[in-house]
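Single-letter residue listing:
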Amino acid sequence: MAKSIPIRRTLDDNRVFIDMPDGPDNPCTSCGACCAHYRVSFYCGELSEGSGGVVPAELVSQINALMVCMKGTESGHARCIALSGTLGQPGIGCRIYPNRPSPCREFANWLEDGTPNPECQRLRQQIGLAPLHRLD
Ligand code: SF4
């Protein structure tokens, strides 16, 4: 049974951000599938060069006047530039985890009732990893 408990924070605007704690039972540190699948797009106000943003501006591609995406993810099905390590192997991780954009913070590997996110299960299966267990 998995022991890693995601840390959930609800923002003033009701968005829920998820942080995964460090530890050997954190399944994300040997996965990385979501960071090599989606286009990771977000509002340019999250950039470090904006007012109060934290995402390094040099790591994004412009989509339009208001939106950017993490470099590498422009068309989906490819690695984000900030992902380091080998997909599906221990040690993979986000080089900018404390400063990652909101779509990454909103992606939950477990839902609030403790069931694994079906998207997580699907992407893990695609890279040959075992499914996540339900949290207690
Ligand atoms: S910024 Fe980090 S968490 Fe977000 S997709 Fe890239 S590697 Fe993954």
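The structure we're discussing is the one just above.
Given the structure is predicted, the values throughout are model-derived calculations rather than measurements.

**Thoughts on the pattern of salt bridges**
In this structure the tally under the stated criterion is three salt bridges. Asp 13 serves as the salt-bridge partner of Arg 15, at 2.9 Å between the closest nitrogen and oxygen. In this structure, the salt-bridge partner of Asp 19 is Arg 100, at a minimum N-O distance of 2.8 Å. Of the two residues, Asp 19 sits in strand E2 (residues 16–19) while Arg 100 sits in the loop between strand E7 (93–94) and helix H1 (102–106), which places them 81 residues apart along the sequence.

**With respect to the pairing of strand E1 (residues 7–10)**
Looking along a regular strand, one sees the side chains alternate between the two faces of the sheet. Two elements, E1 and E2, share four bridges in a ladder whose sense is antiparallel. Following the sheet pairing, Arg 8 is matched in E2 by Ile 18.

**Observations regarding the environment of Met 20**
Its place among the elements puts Met 20 in the loop between E2 and strand E3 (41–43). Between the alpha carbons of Met 20 and Met 70 there is a distance of 20 Å; along the sequence they are 50 residues apart.

**Concerning the side chain of Thr 73**
Following the sequence through the fold, Thr 73 ends up in the loop between strand E5 (67–70) and strand E6 (83–84). For Thr 73, the residues in contact, after removing those within four places along its chain, are Tyr 38, Arg 39, Val 40, Ala 78, Arg 79 and Cys 80.

The rules behind each value
- Once a new chain begins, its residue numbering starts again from 1 and follows that chain's sequence as written.
- Residues qualify for local features only when their pLDDT is at least 70, as the model is predicted, and side-chain atom pairs are given and counted only at 80 or more; totals for whole chains, interfaces and linings, by contrast, use all residues.
- With hydrogens and water stripped out, all remaining heavy atoms of the structure feed into the side-chain values.
- What counts as a salt bridge is simple: a side-chain nitrogen of Lys or Arg found within 4 Å of a carboxyl oxygen of Asp or Glu.
- Numbering of helices and strands runs from the N terminus, with a helix taken as a DSSP run of H or I at least four residues long and a strand as a DSSP run of E at least two residues long.
- For two strands to count as paired, DSSP must find a minimum of two bridges between them.
- Should any heavy atoms of two residues lie within 4.5 Å, those residues are counted as being in contact.

Interpretation note: all reported values are geometric properties and have no functional meaning in isolation.
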